[in-house]
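# Descriptive analysis of the structure
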Amino acid sequence: MIKFENVTKKFGDVTILDKLNFEVAKNEKVTIIGPSGSGKSTILRILMTLESIDDGIIHVAGKPLWHEYKNAQTVPASEDHLRQMRKEMSMVFQQFNLFPHMTVRRNITEAPIHVHKLSQKEANELADEYLDLVGLSEHADKFPSQLSGGQQQRVAIARALATRPNIMLFDEPTSALDPELVGEVLSVIQRLAEKHDLTMLLVTHEMQFARQISDRICFIDKGNIVEEGPPEEVFTSPKEERTQAFLKTFIQS
């Protein structure tokens, strides 16, 4: 579903991704871990077309993301192509990014109505379905300011699901939450992973959660995947010194 081939991304003179090769299979749940500045969130932002790439090629669902084919040649993607590709994915950010002037239900129905051209009735039914999934049915008519941080992030997950993506991206979805609210968000994501056929790519510092939810763990450092494998293998007996040193900081803390 996702394939990076020799992808390079720079910010000025700083190389964030350095000829990165990386794949995620259909319905696979993959968590990327690594130190701050290693390129984790940049991968997600590139997939959502929030950041462009400097070199390489990315395929999503078998199609090039930042390129398209015209007259048997590869050319930079048009805005129309990018718009179509975005429909494959939804992203849950660190900050909830809800519209404060809209009710919970309207936050969820905006994209289905305006992007996917659903009727108001269809969008409302979809919103109710996903609010039930994240356990917030009774809060549909409230505004974000009336909800806790955990509840707002669960609304953000419902909003992401309402576009019916094939791929869900999670960028540190609990990092902005108070510790006592983290569990409720993680349990929703775990339920999604267990009960829905979604390809999921997560960036998180919640190591125990990553261990439970993932089919594969990828440790990234200095813009490249240093080590990857099944959770038990990576967390119990990491082979690379950089992985060992990184995981030791979590054990000690």
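Under the annotation held in an unreviewed UniProt entry, the protein carries the name Ectoine/hydroxyectoine ABC transporter ATP-binding protein EhuA and is attributed to Advenella mandrilli. Per its UniProt entry, the protein bears the Subcellular location (unreviewed entry) comment "Cell membrane".

Turning next to the UniProt feature "domain: ABC transporter" (unreviewed entry) in the protein. Under the present numbering, the feature "domain: ABC transporter" (unreviewed entry) in UniProt falls on residues 2-247. The span residues 2-247 shows a helical share of 37% and a strand share of 28%, and its end C-alpha atoms are spaced 26 Å apart.

All told, the structure shown has two aromatic pairs when counted by the stated rule. Look at F219 and F246: their rings are 5.2 Å apart centre to centre, the planes differ by 45 degrees, and that puts the pair in the tilted class. On the criterion of sequence distance, the pair formed by F219 in strand β11 (residues 216-221) and F246 in helix α9 (residues 241-252) is long-range, its members being 27 residues apart. A relative accessible area of 1% means that F219 is categorised as buried. Among the residues examined, F246 registers a relative accessible area of 11% and is labelled buried.

All told, the structure shown has 15 salt bridges when counted by the stated rule. Two residues, R45 and E51, come together in a salt bridge whose shortest N-O distance is 3.5 Å. A relative accessible area of 30% means that R45 is categorised as partly exposed. Measuring nitrogen to oxygen at the nearest pair gives 2.7 Å for the salt bridge that ties K121 to E125. Pair noted here: K121 and E125 are both in helix α4 (residues 120-133), with a separation of four residues, about one helical turn. Each member of the salt-bridge network shares a partner with another, and the members are K9, R45 and E51.

Counting residues in each nonpolar core, the largest one holds 37 residues, and the members touching the most others are I108, I157, M168, F170, I189 and M200. Among the secondary structure elements, those contributing two or more residues to this core are α3 (104-114), α4, α5 (149-161), β9 (167-171), α6 (179-195), β10 (199-203) and α7 (207-213). The element best represented in this core is α6, accounting for eight residues. When residues no more than four places from it in sequence are discounted, the contact partners of M168 are S90, V92, I157, A160, L161, L198, T199, M200 and L201.

By secondary structure assignment, the location of S38 is in the loop between β3 (29-33) and α1 (40-47). Apart from residues no more than four positions distant in its own chain, S38 is found in contact with I16, I220, D221, K222 and G223.

Turning to the sheet that holds strand β5 (residues 63-64), a few remarks are in order. If you walk across this open sheet you meet the four strands as β2-β1-β4-β5, and the pairing is antiparallel. Across the chains shown, the open sheet's two edge strands, defined by having one partner strand only, are β2 (14-24) and β5. As paired strands, strand β1 (residues 2-11) and strand β4 (residues 55-60) are joined by five bridges and run antiparallel to one another. Counted as the bridge partner of I2 is V60 from β4. Its contacts with the sheet put α1 on β1, β2 and β4, and the angle it makes with β1 is roughly 110 degrees.

This paragraph deals with the packing of α3 against α4. Contact geometry of α3 with α4 gives a least axis separation of 9 Å together with a crossing angle of 125 degrees. The angle between α3 and α4 falls in the class oblique. As for how α3 packs across α4, the hand of that crossing is right-handed. In this structure, α3 contributes V104, R105, I108, T109, P112 and I113 to the contact, and α4 contributes Q120, A123, N124, L126, A127, D128 and L131. The residue inventory of the contact of α3 with α4, partitioned by class, reads eight nonpolar, three polar and two charged.

Definitions and cut-offs
- Residues numbered from 1 in each chain as written.
- Predicted model: local features only at pLDDT ≥ 70, side-chain atom pairs only at ≥ 80, totals over all residues.
- Heavy atoms only, no water.
- UniProt positions renumbered as here; feature names shortened; annotations may be inferred.
- Helix = DSSP H or I, 4+ residues; strand = E, 2+ residues; numbered from the N terminus.
- Phe/Tyr/Trp six-rings, centres within 6.5 Å; stacked < 30°, edge-to-face > 60°.
- Buried < 20%, exposed > 50% of the residue type's maximum accessible area, 1.4 Å probe, protein only.
- Salt bridge = Lys/Arg side-chain N within 4 Å of Asp/Glu carboxyl O.
- Core = buried A, V, L, I, M, F, W, Y, C linked by side-chain atoms within 4.5 Å.
- Contact = heavy atoms within 4.5 Å.
- Pairing = 2+ DSSP bridges.
- Axes fitted to C-alpha atoms, helices over the stretch in contact; angles between N-to-C directions.
- Parallel < 35°, antiparallel > 145°, perpendicular 65-115°, else oblique.
- Left-handed = near helix turned anticlockwise from the far one by under 90°.
- Nonpolar A, V, L, I, M, F, W, Y, C, P; charged D, E, K, R; others polar.

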